[in-house]
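Chain by chain, the residues:
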Amino acid sequence: MMSDRVKQILSWYESDNPGTLSKLRWILGTGTLADTGKLVILPVDQGFEHGPHRSFAPNPPAYNPHYHFELALEAGCNAYAAPLGFLEAGARTYAGELPLILKLNSHELLHEERNPMPAITASVDHALRLGCAAIGFTVYPGSALNNAMYEQFQALAEEAKSAGLAVVIWSYPRGEQLSKEGETAVDVAAYAAQIGCQLGAHLVKIKLPSEHIEQEAARKVYEKENIPIKTLADRVRHVMQAAFDGRRIVVFSGGLLKGEEALYEECRAIRDGGGFGSIIGRNAFQRPRQQALAMLRKIMNIYLGKE
Amino acid sequence: MMSDRVKQILSWYESDNPGTLSKLRWILGTGTLADTGKLVILPVDQGFEHGPHRSFAPNPPAYNPHYHFELALEAGCNAYAAPLGFLEAGARTYAGELPLILKLNSHELLHEERNPMPAITASVDHALRLGCAAIGFTVYPGSALNNAMYEQFQALAEEAKSAGLAVVIWSYPRGEQLSKEGETAVDVAAYAAQIGCQLGAHLVKIKLPSEHIEQEAARKVYEKENIPIKTLADRVRHVMQAAFDGRRIVVFSGGLLKGEEALYEECRAIRDGGGFGSIIGRNAFQRPRQQALAMLRKIMNIYLGKE
Amino acid sequence: MMSDRVKQILSWYESDNPGTLSKLRWILGTGTLADTGKLVILPVDQGFEHGPHRSFAPNPPAYNPHYHFELALEAGCNAYAAPLGFLEAGARTYAGELPLILKLNSHELLHEERNPMPAITASVDHALRLGCAAIGFTVYPGSALNNAMYEQFQALAEEAKSAGLAVVIWSYPRGEQLSKEGETAVDVAAYAAQIGCQLGAHLVKIKLPSEHIEQEAARKVYEKENIPIKTLADRVRHVMQAAFDGRRIVVFSGGLLKGEEALYEECRAIRDGGGFGSIIGRNAFQRPRQQALAMLRKIMNIYLGKE
Amino acid sequence: MMSDRVKQILSWYESDNPGTLSKLRWILGTGTLADTGKLVILPVDQGFEHGPHRSFAPNPPAYNPHYHFELALEAGCNAYAAPLGFLEAGARTYAGELPLILKLNSHELLHEERNPMPAITASVDHALRLGCAAIGFTVYPGSALNNAMYEQFQALAEEAKSAGLAVVIWSYPRGEQLSKEGETAVDVAAYAAQIGCQLGAHLVKIKLPSEHIEQEAARKVYEKENIPIKTLADRVRHVMQAAFDGRRIVVFSGGLLKGEEALYEECRAIRDGGGFGSIIGRNAFQRPRQQALAMLRKIMNIYLGKE
Amino acid sequence: MMSDRVKQILSWYESDNPGTLSKLRWILGTGTLADTGKLVILPVDQGFEHGPHRSFAPNPPAYNPHYHFELALEAGCNAYAAPLGFLEAGARTYAGELPLILKLNSHELLHEERNPMPAITASVDHALRLGCAAIGFTVYPGSALNNAMYEQFQALAEEAKSAGLAVVIWSYPRGEQLSKEGETAVDVAAYAAQIGCQLGAHLVKIKLPSEHIEQEAARKVYEKENIPIKTLADRVRHVMQAAFDGRRIVVFSGGLLKGEEALYEECRAIRDGGGFGSIIGRNAFQRPRQQALAMLRKIMNIYLGKE
């Protein structure tokens, strides 16, 4: 039976067909955090995005695509997200074992751009044939190519929803008019969350917001309206407002490999600010397996309110 | 029974199928101004266009997508216009309660351009599935990318009309060859109205025209033909001529949050110049709810000739 | 019964289906010049192309779209050409009253370019639904964007012919490698006519050629072959050779509002040089109605050989 | 009955359907050179490519599209190639009289570019409706836009072959990295022939190669391998090797109007080098009719080995 | 009966349909290395890529397309790869004799670019009609046009897999941000292999990696994790890790014509590092036939562990 919390969350998605709702329910009902309305997702797209050596050499078993299916399963994650090749390589062995999110676009680092845009490297049909629960798609708000990404997302999301899939957006501000620290500025993060929600994503993935404010027009509002952004929990709370007053699922990314305590602090802030959870890649698969499992268990305990 | 005025207005749309006419009739027959041929529309696309903080922090309940459906309903507006995410988030709760206009394109401000162009962020199919009365689309006459926007509009409007929807155009001149004040110049506003009508929109939204004249070739005509443009009502009257001699519905936007009296003056000028009404966003949802309702009531009274 | 002259003209269109031939026959069989093989067409696309004030303020009743249908009918024109909005606004009232030509592309002057290209603003389906006899399309030979226009024309013309419509091309040389006077140079005008014919148009509209020669490679030929271009009638005769030795219908545009006598002189030269007639917009609708009707009557008399 | 030589030639086209083979057979079996495996083709696309005056003023009857059908028929050419307008203008009168090749792309000279690319000005459907034997298409190897042309060719050639048509390519090297004399250099001509064949054309049209070598990397090979390129016949022989060791039909273009003797010399070299024949436009239609017929008769005699 | 090794290899392709698996099985089960899991493939696309003279003049019988089918057959290669024209020219004679790989894109050298991109010169339908086992496609990771190539590959690979074909990728890093030696750097080669696998190719072709490291961020990892890259076998082993821990077929290209002993050394390193084999073009067809056959026999013996 669905928990009341999951029922409530699903009730916010007023336009979706039962096929799509069942996929959201599958994600929310899987793993250690099943039925709590909280999520921890394992994403492994770094082999394409940063190169195989930078991604997997710290923990060589992770070169093998099966490793990540098993890590996500054993850790009790809600879902596993990866590009086409990685999912194809385990599709039969792990069919139906856990919700899969197929990343439909990817970007490599042998060519870097000030206004980046990923390539479309998989399709909605692929997601259906692989038995996925959702498609995943990256947009870079602030890139000079933003329109092209929004239009690709629009078309793919519409096709996915019609086919009864859920839609996850990676909303990562980048581009020539944003400073480096502006990419995680609180105003920019809130804007990125709003864009993801207005574009119709079911689940929005953003980076944790810093205290920095990037845009002058925004700064005036933060000051005039006295919006609290001092603590990370404050900023998560503010970003959740921008996510339709909390009526859309937002998860926060873990970023670079870092110390465990720092990670736990972040998760507590996400939880206290009303965020829905974490999407943790490098911090999981770049650690030795047992260490990663212990860490993920602890993070899930934080979301369960046990730590 | 349809009023004679509404019958007259509908008679001007000589090429539309009964499905589209019934949607226009729904919009003209809804709310406080029902059957008068006048309109007040609530548009809430600013979360995407300017950011969530700049839009909703002045009145935080407005972060919630349900807020705007209720504001439009309670105020007796003719229709509510918003992008995909906002409409999806209330589609079931408010199904059939009031005419909805789905904005099919959107533009964000994390990247600004001299020749802007919005991204297509929703489809005609979305509008049909959400039970909308119309699609909305923004063009920027004067942008170096104007052709691309006109061609997108052409294709989407044709599809919408075939599917029995009405078509609303936001015709907002911008771009490298226009001065800032030229964007609202009276010659430019009249040109923007003409373009919207020639493109086949049923309802054209433009900005209120100033006394400024932007183009030299136009100035000669205004002087030679002695076209009256001194008062705002004169200019509205002139713009209505450009809208097929008044045979197309034109509404005027409220713009930035401003004092109530200034707003009422504008509405009287629109009414006296033969305009069809107002499309008021920030001036409505950035005020506290009761204040906004009182203001909208007063504006509707102006259009009813009571103030 | 079709006149021998019309039969002869139709015989030159060897590849067209009966549907298209019947539309050409409708145009050639309408109005004061019916069955003579001569044509006078009323085009009203200037509201979009130059702005509403520059187009209609000299004769304000012309703001109303019905005005032009009635002017064309009362004057006995062979056809009326306009963009989507203007035709939609009279489609029901004047259904079947006279051959309509839907302009499928349009260009506005709030943004000017050295290498212009119009936007596609209507479709072949629109033309069919509006009961039109033909589509109209503008190309700018000499623009750096010429290929794009030719390819759009190719696709739309093929679709129109398959649907039994006639195809009219506005072939107006412009672009960075042409001088201002080169746009109407006799070599360029002949080239523009040839391009229109080779692209498969049934009816080609060009500007009246001046005595200027633009291209060096062409000048050598004019001198070597001693091609007569001294009088306007000579030049029309030369252009008609370039139109498949006169086997394609070519009409000449009237251009800016000018004195009546100058206009009559031009029409006599068109007639004497073997041209098929005139397409007269501003010189018709910018004059007061009665004056315009008298003028058009006189022009038709010239083509009838009565003046 | 098909001659052994024609049977042999057709046997090299191992992937084509009977429809396409029958069109190749039609071309090879038509005119004075029928069944010899040699070809002389009349191409008349210069009205679009260079302008009507430069093309037809030297022999004014050539303005008339019927002139060229008759010239090709009377001269006993294997086929007549032209753009859409010219073929449409004779399609009914000469239906089935001789193999027609519809040029699907065209380029005009009112705008010149360093990296030229023609516009697509007709379709495979046109070719079918006009009863053509083949489509013709121009590519400019060496242009910065080469990829776009190859991809257009690929799509159109595939469509044409599926519909049972033959495919002719004009492979004319041009572009910013080629010198003027490099356009006809022997290494470049051989490369152009290879590209045409690898792209899947049945019949490749190239310019006659000069003794010049354009690319350094190629020069080393010519010297090391001692490839004979001294005489024109040597160079034709070399180019035929590049055409799949002679297993593809290659014809050579006549170029600018020139003296008859020079032309005959070229044809003898083509014959002696193993080329399949000539495609002769300006040298045919710019001469008075009787002179052209005599010249073409003589050229055919050369290919028949009689002169 | 399928060997256990081939069964194992096929088991890694978890998402493919039986049609595609049967094509992989055909390739793995053909020629001298049948059922060993090792491969030697003959690719002949150099006529298009470098020109016919540079490719075939050293061994003129190779101008004839039949030559290469026969070379691959007689040498006992697993497959023969070539562009459209070459395969069409032998499609009937050698139908079903050996697995064919149709190269779907090609690049010519009459125009060179810093950020190259091949043109699409054939289709999946061509591959099906020609009876091919697989499509082949080149991408240039590191080119500014990388996204366009990945998206083309994505669409064509999806279509090919659905039609039961196998998919081979040529993953050749090139572009403005890579140094010349960086194109074969070990970090770049590993990245290229990963990209090919993540894009969903069944068989990845890369160049042999040098000891050079191109990217600073990669160098840090190689040093920190102490990845062995000293010998060629080490580097092949590392690249195979990047190929999903060896769960994807990777073959290495032979490059320029070189001495036989050097070639044998390379093949031993590929074998010892766990690579799947070689793809050898110029080193095969630029040698006289008997010499090439002896050399290929020796290479196959190396892969069989006999030398």
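Let us look at the structure shown here. Predicted model, so just to flag it, every value in this text is computed and none were measured.

## Digging into the overall build of chain A
Then, number 1: Assigned secondary structure in chain A consists of 14 helices and 10 strands.
Then, number 2: Here the C-alpha atoms of chain A give a radius of gyration of 18 Å, agreeing with the 19 Å that 2.2 N^0.38 yields for 307 residues.
Then, number 3: Oriented by its inertia axes, the alpha-carbon framework of chain A measures out at about 55 × 45 × 40 Å.
Then, number 4: Within the span of chain A, comprising 307 residues, buried residues form 68% of the whole.
Then, number 5: Considering only residue pairs separated by 6 or more positions, chain A has 73% of its internal contacts joining residues 24 or more positions apart.

## Examining the pairing of strand E9 (residues 249-253) of chain C
All names here are of chain C.
Then, number 1: When you tally the buried positions in E9, you get five out of five residues, the bulk of the element.
Then, number 2: Examined bridge by bridge, strand E8 (residues 203-206) and E9 share four bridges and lie parallel to one another. Within the sheet, the bridge partner assigned to Leu203 lies in E9 and is Ile249.
Then, number 3: Relative to strand E10 (residues 277-279), E9 runs parallel, the two sharing three bridges. Bridging across to E10, Ser253 finds its partner in Ile279.
Then, number 4: Handedness of the E9-helix H12 (residues 260-272)-E10 crossover: right-handed.

## Topic: the sheet that holds strand E2 (residues 79-82) of chain A
Residue and element names in this part refer to chain A.
Then, number 1: An order of E1-E2-E3-E6-E7-E8-E9-E10 is seen for the eight strands of this closed barrel, with the pairing classed as parallel. Taken pair by pair, the neighbouring strands of this sheet meet at an average axis angle of 25 degrees, ignoring direction.
Then, number 2: Examined bridge by bridge, strand E9 (residues 249-253) and strand E10 (residues 277-279) share two bridges and lie parallel to one another. Residue pairing across strands places Phe252 opposite Ser278, the latter belonging to E10.
Then, number 3: Each of strand E1 (39-43) and E10 is contacted by helix H14 (residues 289-303), which is oriented at about 150 degrees to E1, the strand it contacts most.

## Topic: the side chain of Arg248(E)
Then, number 1: Residue position: Arg248(E) is located in the loop between helix H11 (232-242) and strand E9 (249-253).
Then, number 2: For the buried residue Arg248(E), which engages in no salt bridge, the nearest side chain bearing the opposite charge is Glu88(A), 4.9 Å off.
Then, number 3: Setting aside its immediate chain neighbours within four residues, Arg248(E) contacts Gly85(A), Glu88(A), Ala89(A), Trp12(E), Tyr13(E), Cys197(E), Ala201(E), His202(E), Met240(E), Ala243(E) and Phe276(E).

## Things to note about the interface of chain D and chain C
Then, number 1: At the interface, 43 residues of chain D touch 44 residues of chain C.
Then, number 2: For chain D, the biggest contributors to the area lost against chain C are His53(D), Leu110(D) and His111(D); these three give 22% of the whole.
Then, number 3: One can count two salt bridges joining chain D with chain C.
Then, number 4: Lys161(C) is the partner of Glu88(D) in a salt bridge, and the nearest nitrogen-oxygen pair spans 2.9 Å.
Then, number 5: At the junction of chain D and chain C, the tally comes to 24 residue pairs in polar contact (both at pLDDT 80 or more).

## A few points about the sheet that holds strand E7 (residues 166-171) of chain C
Think of a sheet as strands paired side by side through backbone hydrogen bonds, with each pair either parallel or antiparallel.
Then, number 1: Strand order in the closed barrel formed by eight strands is E1-E2-E3-E6-E7-E8-E9-E10 (chain C), with parallel pairing between adjacent strands. Sheet twist, expressed as the mean angle between neighbouring strand axes with direction ignored, is 25 degrees.

## Brief notes about the relation of the copies chain A and chain E
Then, number 1: Rotating chain A by 72 degrees and moving it 0.0 Å along the rotation axis overlays it on chain E with an RMSD of 0.0 Å. On the angle and the small slide along the axis, the relation comes out as a five-fold axis. In terms of proximity to the rotation axis, the leading residue of chain A is Ala148(A), whose C-alpha is 11 Å off the axis.

## So, the interface of chain A and chain E
Then, number 1: Contacts between the two partners involve 43 residues from chain A, matched on the other side by 44 residues from chain E.
Then, number 2: The largest per-residue losses of area from chain A upon contact with chain E belong to His53(A), Leu110(A) and His111(A), which jointly make up 22% of the total buried on that side.
Then, number 3: Where chain A packs against chain E, one counts two salt bridges.
Then, number 4: With its nearest N and O atoms 3.3 Å apart, the salt bridge here joins Arg129(A) to Glu158(E).
Then, number 5: Each residue belonging to the side of chain A that touches chain E can be placed in one class, and the counts come to 21 nonpolar, 14 polar and eight charged.

## Here we look at the pairing of strand E2 (residues 79-82) of chain B
Residue and element names in this part refer to chain B.
Then, number 1: Taking every second residue as pointing to the same face, both faces of E2 are buried, with Ala79 and Ala81 on one and Tyr80 and Ala82 on the other.
Then, number 2: The sheet contact formed by strand E1 (residues 39-43) and E2 spans three bridges and is parallel. Paired with Pro43 across the bridge in E2 is Ala81.
Then, number 3: As paired elements, E2 and strand E3 (residues 100-103) share three bridges and run parallel to each other. Residue pairing in the sheet places Tyr80 in a bridge with Leu100 of E3.

## Examining the nonpolar core
Then, number 1: In this structure, Tyr80(A), Tyr80(B), Tyr80(C), Tyr80(D) and Tyr80(E) are the most contacted members of the largest nonpolar core, which totals 598 residues.
Then, number 2: Once you skip the residues sitting within four places of it in the chain, Tyr80(E) turns out to touch Leu42(E), Val44(E), His68(E), Phe69(E), Ala72(E), Phe86(E), Leu87(E), Leu98(E), Pro99(E), Leu100(E) and Ile101(E).

## Thoughts on helix H14 (residues 289-303) of chain C
All names here are of chain C.
Then, number 1: Taking 1.5 Å as the rise per residue, H14 with 15 residues should run 21 Å; its terminal C-alpha atoms sit 21 Å apart, in good agreement.
Then, number 2: For H14, every residue scored as buried is listed here: Ala292, Leu293, Met295, Leu296, Ile299, Met300, Asn301, Ile302 and Tyr303.
Then, number 3: Those residues of H14 hidden inside the fold are in contact with strand E1 (39-43), helix H5 (65-75), H12, E10 and helix H13 (282-285).
Then, number 4: One or two positions beyond H14, positive phi appears at Gly305, with a value near 80 degrees.

## Structural notes on the pattern of salt bridges
Pairing of side chains with opposite charge becomes possible as their charged atoms draw close.
Then, number 1: Summed over the entire model, instances satisfying the criterion amount to 80 salt bridges over all chains.
Then, number 2: Here the salt bridges share partners, and the residues they tie into one network are Glu70(A), Glu74(A) and Arg289(A).

Rules of the game
- Residues numbered from 1 in each chain as written.
- Chains lettered and ligands numbered in written order.
- Predicted model: local features only at pLDDT ≥ 70, side-chain atom pairs only at ≥ 80, totals over all residues.
- Heavy atoms only, no water.
- Helix = DSSP H or I, 4+ residues; strand = E, 2+ residues; numbered from the N terminus.
- Rg over C-alpha atoms; globule rule 2.2 N^0.38 Å.
- Buried < 20%, exposed > 50% of the residue type's maximum accessible area, 1.4 Å probe, protein only.
- Contact = heavy atoms within 4.5 Å.
- Pairing = 2+ DSSP bridges.
- Right-handed = clockwise from strand over helix to strand, strands pointing away.
- Axes fitted to C-alpha atoms, helices over the stretch in contact; angles between N-to-C directions.
- Lys, Arg positive; Asp, Glu negative; His and termini not counted.
- Salt bridge = Lys/Arg side-chain N within 4 Å of Asp/Glu carboxyl O.
- Buried area = accessible area lost by both parts, 1.4 Å probe.
- Polar contact = N/O pair within 3.5 Å; in protein donor to acceptor, adjacent residues only side chain to side chain.
- Least-squares fit on C-alpha atoms with pLDDT ≥ 70 in both.
- Nonpolar A, V, L, I, M, F, W, Y, C, P; charged D, E, K, R; others polar.
- Core = buried A, V, L, I, M, F, W, Y, C linked by side-chain atoms within 4.5 Å.
- Expected span 1.5 Å × (residues − 1).

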